[in-house]
Every structure is written in C-alpha cells, then in structure tokens.
Amino acid sequence: MLINRRTFSLGIMASMAALGGCTFPSASGGASPKNFLLLMIDDLNDWVTALGDHPQVFSPNIDALAASGTVFANAHAQAPICGPSRASLFSGLYPAQTGIYGQIPDDQLGAAVAAVSPTQLMPQHLRGHGFYIAGSGKVSHQGGQEGMFDEYVGRVDEHRGQYGPGPEQRMRWFDNRTHTDWGAYPDRDEDMFDYQTAAFGAEFLRRDHATPFMLALGFVRPHVPWYVPQRWLDMFPLDEIELPVVRENDLDDVPQAARDLAAVPQMPTLEWAQSNDEWRPIMQAYLASIAFVDHCVGMAMDALRESGHADDTLVCLLSDNGYHLGEKQRFAKMSLWQHSTRVPLIFSGPNVQQRVYTDPVGLIDIFPTVLDMLGLPANAENAGRSLKPILASDAVMALQPQVSVFGAGNFAVIDQRHRYIRYTDGSEELYDHESDPMEWHNQAANPAMAEVKARLAAYIPAEPAADIAA
C-alpha cells in the first residue's frame, strides 16, 4: 500500500472515528491516573489496523484501545531486537549509553545499567514511589528480571520452550538455530502462554488494591514460532491472503554492509517461501497470531473495565520491535529498515486525548511519559522525553528525530520524512518516505540530499559505548 503522510493520517482518524463507540478507557479531566497497565507485545509489526498497513489484520481490541486514546503512528524501537529494545525501554537509556546492543540475560541487565547510570529500571523506580509491581509473561527479555516485581507469574511449561507450547517435531521450517516455524498447535487457547498471561492479568485487575499498582503483561505472539490453534488460522483463508508488495531487486542499491548486517541465514528467505509456496501460509500464521494476541489483550482490557480501575489507570500498549514478512526479501527483524524499527505505541486512560500523532517518537520516551502522567517526579537519568503534552492536550512538541541501533556502530535516524542509515564502515542509505514509503530507492549518493544526510547524521552519537558483549 503506497500512501503519503496526509492520507495515512486521515485514514487512521477515519477508522478510529468508526470505533469511537467502544467502551474502553478514554480521556477525562481531573486528577492524574494512579495505576499503570503495560501491555507488551513481542514482534508485532506495523500491520495492526490502528496504523493501517495491512488490510486483513483483525485486531478489534487494539483498535478500540487506539480509538480511545493517542496513537503514535511514527514510533520506533531503539533496537530492532528484543533484548536491547526492552533494556532501553525499562532503563530509559539508549543502547549507545549502556553498550547493550544485543541480547542480554535478565540476570546481567541490572549490573549493565548500573555500570553507566544510577537509575533504576522503571518498575523498581515506581516501587520506590509506593507502587505494587506485578507482571506475567515476557516483560524483560527472558521474562522477569529478579527484583523487578513484587509478584510475577512466568510462562507455564517453560521446559517446552520459551515461546511454546510446541509439537514434538517441527512442521514447516527445520533449522534449529531459530524458533521459526508455523502451523496449527495446540488445540486449545488455554494452553497458550499468552492466554495464561492474560488470565493472570484479568485476575489481578479484578482484585481490590489498597496501593497504586503497575501491572506488566508480556505477550509472546506474534514472535516465532507462529503456532496458534486452528480456529485462528481459519479466520484467514489461504486463497484470500493479500501479500505485501515487494520489489525483486530491492537490495541492489544498498551497501554490502546492509546485506551483511541484515543476513539471517537461519530464517526463510523470500525466494525460498515463494518457491515452496509458503509465503501465504507464513502470512496466514502471522495474521492469526496477531488475532490471537489481540484476543488476549481484550481479556485484560475487559477485566480492567469490569474492575472499576479503568478511570484511574494509564494504559500503554507497545511492541518491542517490528518484523519483515517478505519485504526486503526476508522474514525477520534485526535490520535498520522501516519494518524492523517501526512499532505500535498507544496510550489510553485518564487525561489522554483521542488523537493520532505522526511526528517521530521512541520507546525511549515511555519511562519519562509514565512518570509525568502518574504525577511523579521526573527521573533525571531518562534520556527520552515526556510525551504528556501530546497525550493530555493538543500540543505539538519540537521535532525529535529517533535513533535506532543494531550492533555497535550501525545507526538509523528517523525524522518525520526521512530515514538515514550509517553502518560501521561508513556506508549509507537514505530514504524519503514521502515519495518512497517502501524504502525502495536509496538516495544516499544523491547530491541533492547532502543537507538531509548531514542534518540527520548529527544525531548519531560521537562516542557510543562499547558493546558489553564484545
């Protein structure tokens, strides 16, 4: 789908208006919210219909949440992979500050952050202000870092895999270096980790709470393997699947460093998926995974409405990174292109306006925003900025380009129109999303774009921290 920023924004507002009758928490005057519900979704890309980038996505609960609050339609993860993205979100620090560029075990996260900053992770910071902290599922990279929660329920049947349950043998993709696979499994929703996470969240929300709380629910779908019960796959008949528009020679004008960085030989390639008639089954499984996790979001939101806490609870829904489903010839995250870094980000609840905001923001902004919306003192260590002026009023904030990093020394800088990428060897890419939303035409060598390159390159840190894993 080729759209410019104006039709993109108008399309979102029209769809949100159509959903306006949904009874989700919505903006209200008065006191700040006192509780915080964080809904983290793993590898959910920008197809959700709150953003409008794939017409067959079925996500009525996410749509309703979007219609009740603020959608950040140009939000980006600070890293296009789970571990560093979540570390940045919870620490409020950029990967270039902490040196966390790759996956990091939960038991090393606290020390890595403490080595560069006195800040606490967001849940611990809220605990210091009297909040009761509860969580379930994949919140930090491996689930729940020790000391992060007062109450935490992990993924059930961990011995069957981090993203299970799964069948005894793989169904479609047999490379053991990745969880990637797809198909119908198990038979019941109740056996899925995300259902269990949502059930815990619903039970928690229905309790009486004497103190303010933060509840973090980490859903793993649509992270691979794309296993869901058959009924979710049946919602998307294979012969009706609409495939993304791709360009056969899309990688011809990108530098070798880009190809090397984005190479994921353990994952299917587009060529393999096409020659084996698996592109539509992969799409079906990904769409079904979105529909399933949306159902789980609905379980939590239903409980919030029924609990009586909706009028005093700030809700934030996000994904930790994006995902390619054939674009750029790949099925993966882990690149600095649009489909890897752009993510859903939605706020709803008391004092949150119903609006769509299209200037760039980042997951780095969540920590300071939550503190501000809850009426708590700012954390001086936060590298991002509070988005409360956007949430609580019709304000427009000064433009702040977003910086994403994948691997030490590889950076993408995104503003309201352009994406500039620079790799460790100095090679570059530059895309104009107004004329080239699919990032098909690398303009880095165009002399007419020299000023744009220089302006965006200024946001790349001059002395980024060394990779702690090196």
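Bear in mind the structure is a predicted one, so any value in this text is a computation, not a measurement. (Residues numbered from 1 in each chain as written. Predicted model: local features only at pLDDT ≥ 70, side-chain atom pairs only at ≥ 80, totals over all residues. Heavy atoms only, no water.)

A. Geometry of helix 7 (residues 193–205). Here helix 7 spans 18 Å end to end across 13 residues, near enough to the 18 Å set by a 1.5 Å rise per residue. Among all positions of helix 7, only Phe193, Asp194, Thr197, Ala198, Phe200, Gly201, Ala202, Phe204 and Leu205 are buried. (Helix = DSSP H or I, 4+ residues; strand = E, 2+ residues; numbered from the N terminus. Expected span 1.5 Å × (residues − 1). Buried < 20%, exposed > 50% of the residue type's maximum accessible area, 1.4 Å probe, protein only.)

B. Quick peek at the environment of Leu243. Locating Leu243 in the fold gives a position in the loop between helix 8 (230–233) and helix 9 (256–262). A residue is classified by how much of its surface remains accessible, and Leu243, at 28% relative accessible area, is partly exposed. Apart from the residues lying within four places of it in its own chain, the contact partners of Leu243 are Trp279, Arg280 and Met283. (Contact = heavy atoms within 4.5 Å.)

C. The arrangement of the packing of helix 2 (residues 60–67) against helix 11 (residues 279–307) in detail. Where helix 2 contacts helix 11, the two axes come as close as 7 Å, and the packing angle between them is 55°. Taken as axis vectors, helix 2 and helix 11 run oblique relative to one another. On helix 11, the residues touching Pro60, Asn61, Ile62 and Leu65 of helix 2 are Asp294, His295, Val297, Gly298 and Met301. Looking at the contact of helix 2 with helix 11 residue by residue, the class counts come to five nonpolar, three polar and one charged. (Axes fitted to C-alpha atoms, helices over the stretch in contact; angles between N-to-C directions. Parallel < 35°, antiparallel > 145°, perpendicular 65-115°, else oblique. Nonpolar A, V, L, I, M, F, W, Y, C, P; charged D, E, K, R; others polar.)

D. Region of the structure containing the side chain of Ser136. Take Ser136: it is sitting in strand 4 (residues 132–137). When its relative accessible area of 1% is taken as the criterion, Ser136 is described as buried. Sequence-distant contacts of Ser136, defined by excluding residues within four places in its chain, comprise Tyr152, Val153, Thr197, Phe200, Ala216, Leu217 and Gly218.

E. Structural detail: unusual backbone geometry. Here Arg221 and Pro222 are connected by a cis peptide whose omega angle stands at 15°. For Pro222, the position within the fold is in the loop between strand 7 (213–219) and strand 8 (226–228). With an omega of 0°, the peptide bond between Val224 and Pro225 qualifies as cis. The topology assignment puts Pro225 in the loop between strand 7 and strand 8. In this model, Gln329 sits at a positive phi of 65°, which is unusual for a non-glycine residue. Here Gln329 shows up in the loop between strand 10 (324–325) and strand 11 (331–332). One non-glycine residue, Glu439, adopts positive backbone phi at about 55°. When you line up the elements, Glu439 lands in the loop between strand 19 (428–432) and helix 15 (450–457).

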